[in-house]
Amino acid sequence: MTAEQAAPASAAQIAVHWREEEYRHPPARFIAQANAGDPRILERFGEDHFPECFKEYADLLSWDAYWHTTLDTSNAPFWRWFVGGRLNACYNCVDRHLPSSRNKAAFIWVPEPETERTEAVTYQELYRRVNEFAALLRDFCRVRVGDRVTFHLPMVPELPVSMLACARLGVVHSEVFGGFSGSACGDRIADSGSHILVTMDGYYRNGELIDHKAKADEALATARKLGMEVDKVLVWRRHPGRYASASPMVDGRDYFVDDLIKEYRGLLVEPVSMPAEAPLFLMYTSGTTARPKGCQHSTGGYLAYVAGTSKYYQDIHPEDTYWCFADIGWITGHSYIVYGPLALGTTSVLYEGVPTYPDPGRPWRIAERLGVTIFHTAPTTIRMLRKLGPDEPAKYDYHFKHMTTVGEPIEPDVWRWYYEVVGKREAVIVDTWWQTENGGFLGSTLPALQPMKPGSCGPGVLGIYPVIYDEDRNVVEAGSGRAGNICIRNPWPGIFQTIWGQPERFVQLYYEKYCRNKDSTDWHDWPYLAGDGAVQAPDGYFRILGRIDDVINVAGHRLGTKELESASLTVAEVAEAAAVPVVDELRGRVVEMYVALKPGIAASAEIEAKVAGAIETEIGKIARPRSVWIVPDMPKTRSGKIMRRVIAGISNFADVGDVSTLANPEIVDDIRHRVQGVKVSRGEVPRELSSQEVEEITAFGRAEG
Ligand code: WT7
């Protein structure tokens, strides 16, 4: 790459490199059956109908008591939706469907081994299982309304059963992604103050039965160090009656659910009627500091929002077979595998394992076998399936009407493969932009009414009014070609209520930057800062450029640089650590770690392995860095700040910009030679970066000032 090509693209330059993609129009067959087929819906959700427009979403639910105030802004920005309303989320997802759909599958669970049978859990069966587990939680664990219960569960039906059982009791669940380490789970147990952990002995991943219970012991040890004592560990068994973990069960602490639950057989638990603003669950995510943020989601607003967006954006009809190929351990799974689809009474598919096991035709076999009509996944999965099995979809007789991409920007080229090969040109695609904090979609096209444009998510969704601001609070106009910080001007029912235990941080991180008046109770004064850079085309469609904070999006998962760095610092030899993103063909971004050692300690492959191991232990396998570079010193400013953008530039073979003002400019060439030398010899030279990627890499770490 020449220096000129690699020069940092200013926001204005992005326009020069911008290639507008052609629209694609939804198939007529899709339009004819769409839930949102009448353009008047766009008017109904126009700004002059806000906030009452969201009554339309809330009316999809069954309320025990109707609300008196749609939106209460008196304690801005702690918005309260549907105040005075009461409902139960479990009742809405399960009980109310029994009269019409008792024997319809709520979930179809596909185990990873193809030799194991697919399991259909009917609404009736789900009702029974949820009631029994709720009875166990109430009577054996003595949990009460408002208590928190942490889950560390894989993709098995026991996960939604556990969630819905908590929801039935008004207990706040906090699911930690099964792939996270025991230690990461322990942090979240302590942060949420959970006395109960629900886990499983093992699960299948890539053909292997993983020992998962072992992580529970680590989690409890970590939680204890942080001052939190867990009383009971409930262990579901992947094969009831057959324990698959090498970790011993601790007497008086660990219990097999399949044993215990026999005592609760047939018990029914009345769903607890909860205020609309009662918390339903916590979902942890990463940010600028090492401490994860427990995003607290509400009952009424959240459920209304995921039901409404599932109906109009996922186009779920009760008779659809809907497969969201994500993990319930992330917000996508909570909203669009469990709560949204079940609120609408549809059939939702759960798959236990990896997309390419035992071969990259697996997803399409599942789709064919189950007659999946709606398919939902992330660009990283699409890229992997394209790479490993570009011709597989054509071999299977399935027909999607609708497909979703979510979680990271999708390259137009990858989009086209998704559309043409996976969707067979028969399916409409929505590119949904949103975040853990948001409950549901923020940006997307309405599938029957707004044409698709590869690589752009589209306009704000119904009732969401986005705006792009520059650093000086000026509006960046659509079509200006300039990038800025995308914000949402208004509150919406799915927005999280607070960061668990850190209300000041909630205000500071999401509202402070563009707040016009801190004493104001008018929502117009409180734009929500999403933390993404974006540009808006003349047609109003947004293109999301990526995070503006120190977050690396690996395969659609948010990893905080500070978390990675503090994990590295647990290695005794390490003095300093810095994490940077590297562009990767499959996973979007991968992590590379730079570490400097304490005086007198020599670099070794062993220390590199220790750092990678520490990250895996502290966070999980997904965070494992591709490389650990031991460097004599980090490039630093005169005030001692590590310049992440410089090492990010080196790792990506991009220009590092002006380094003359650094305290130690000579180190830059030294690091470049070492790192790029090794990379060249390993064949790890990335393809030429787009201007958008260069912009991201060379700005990395700017949140540190
Ligand atoms: C970040 C949120 C809730 C979805 C799962 C990820 C990026 C998300 C898109 C998209 C471009 C996207 C953003 C966002 N992102 N969707 N369609 N196009 N970027 O949730 O872990 O909270 O991550 O993912 O950067 O801020 P998350």
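Conventions used here
- Residues numbered from 1 in each chain as written.
- Predicted model: local features only at pLDDT ≥ 70, side-chain atom pairs only at ≥ 80, totals over all residues.
- Heavy atoms only, no water.
- UniProt positions renumbered as here; feature names shortened; annotations may be inferred.
- Helix = DSSP H or I, 4+ residues; strand = E, 2+ residues; numbered from the N terminus.
- Phe/Tyr/Trp six-rings, centres within 6.5 Å; stacked < 30°, edge-to-face > 60°.
- Lys NZ or Arg CZ within 6 Å of the ring centre and 35° of its normal.
- Buried < 20%, exposed > 50% of the residue type's maximum accessible area, 1.4 Å probe, protein only.
- Contact = heavy atoms within 4.5 Å.
- Near = heavy atom within 4 Å.
- Polar contact = N/O pair within 3.5 Å; in protein donor to acceptor, adjacent residues only side chain to side chain.
- Areas by Shrake-Rupley, 256 points an atom, 1.4 Å probe, with all protein chains shown as cover.
- Nonpolar A, V, L, I, M, F, W, Y, C, P; charged D, E, K, R; others polar.
- Axes fitted to C-alpha atoms, helices over the stretch in contact; angles between N-to-C directions.
- Parallel < 35°, antiparallel > 145°, perpendicular 65-115°, else oblique.
- Left-handed = near helix turned anticlockwise from the far one by under 90°.
- Salt bridge = Lys/Arg side-chain N within 4 Å of Asp/Glu carboxyl O.

Draft legend 1. The UniProt feature "domain: Acetyl-coenzyme A synthetase N-terminal" (unreviewed entry) in the chain, seen in detail. According to UniProt, the "domain: Acetyl-coenzyme A synthetase N-terminal" (unreviewed entry) feature falls on residues 52-93. The straight-line gap between the two end C-alpha atoms of residues 52-93 is 24 Å; of that span, 21% is helix and 24% is strand.

Draft legend 2. Main features of the packing of aromatic side chains. Here the structure, examined in full by the defined rule, presents 51 aromatic pairs. Over the ring of Phe-180 we find Arg-188, and its NZ or CZ is 5.0 Å from the ring centre. A cation sits over an aromatic face here: Lys-232 above Phe-140, 5.2 Å from the ring centre.

Draft legend 3. Examining helix H17 (residues 412-422) more closely. The complete set of buried residues in H17 reads Pro-412, Val-414, Trp-415, Trp-417, Tyr-418, Tyr-419 and Val-422. Contact partners of the buried residues in H17: helix H15 (362-370), strand E18 (374-377), helix H16 (379-388), strand E19 (402-406), strand E20 (428-432) and strand E25 (542-547). The first or second residue beyond H17 is Lys-424, which carries a positive phi of 55°.

Draft legend 4. Spatial organisation of the site of the ligand. Around the ligand sit 17 residues, and of these Asp-431, Thr-432, Thr-436, Asp-532 and Arg-547 come closest. Asn-553 is positioned with one of its side-chain polar atoms (N or O) 3.5 Å from an oxygen atom of the ligand. Arg-558 places a side-chain nitrogen or oxygen 2.8 Å from an oxygen atom of the ligand. The fraction of the free accessible surface of the ligand (560 Å²) that becomes covered by protein chains is 95%. Elements with a contribution of two residues or more to the shell around the ligand: helix H14 (331-343), E20 and E25. Looking at side-chain class alone, the shell around the ligand contains six nonpolar, six polar and five charged residues.

Draft legend 5. Structural view of the packing of helix H10 (residues 182-192) against helix H11 (residues 213-225). At a minimum axis separation of 7 Å, H10 and H11 run at an interaxial angle of 45°. The angle between H10 and H11 places the two elements in the oblique class. Viewed along their axes, H10 and H11 form a crossing whose handedness is right-handed. Counted together, Gly-182, Ser-183, Cys-185, Gly-186, Asp-187, Ile-189 and Ala-190 of H10 and Lys-215, Glu-218, Ala-219, Leu-220, Thr-222 and Ala-223 of H11 form the full contact between these two elements. For the contact of H10 with H11, the per-class residue count stands at six nonpolar, four polar and three charged.

Draft legend 6. Region of interest: the UniProt feature "domain: AMP-binding enzyme C-terminal" (unreviewed entry) in the chain. With numbering matched to this structure, UniProt assigns "domain: AMP-binding enzyme C-terminal" (unreviewed entry) to residues 563-641. Split by type, residues 563-641 is 25% helix and 32% strand. Its first and last C-alpha atoms lie 17 Å apart.

Draft legend 7. Quick peek at the pattern of salt bridges. Scanning all chains against the criterion turns up 57 salt bridges. Two residues, Glu-229 and Arg-224, come together in a salt bridge whose shortest N-O distance is 3.1 Å. Taking the shortest distance from any N to any O, the salt bridge between Glu-437 and Arg-558 comes out at 2.9 Å. In this pair, Glu-437 is assigned in the loop between E20 and strand E21 (466-469) and Arg-558 in strand E27 (residues 557-560), connecting sequence segments 121 residues apart. It is possible to trace a salt-bridge network through shared partners that takes in Asp-584, Glu-592, Arg-626, Lys-679, Arg-682 and Glu-684.

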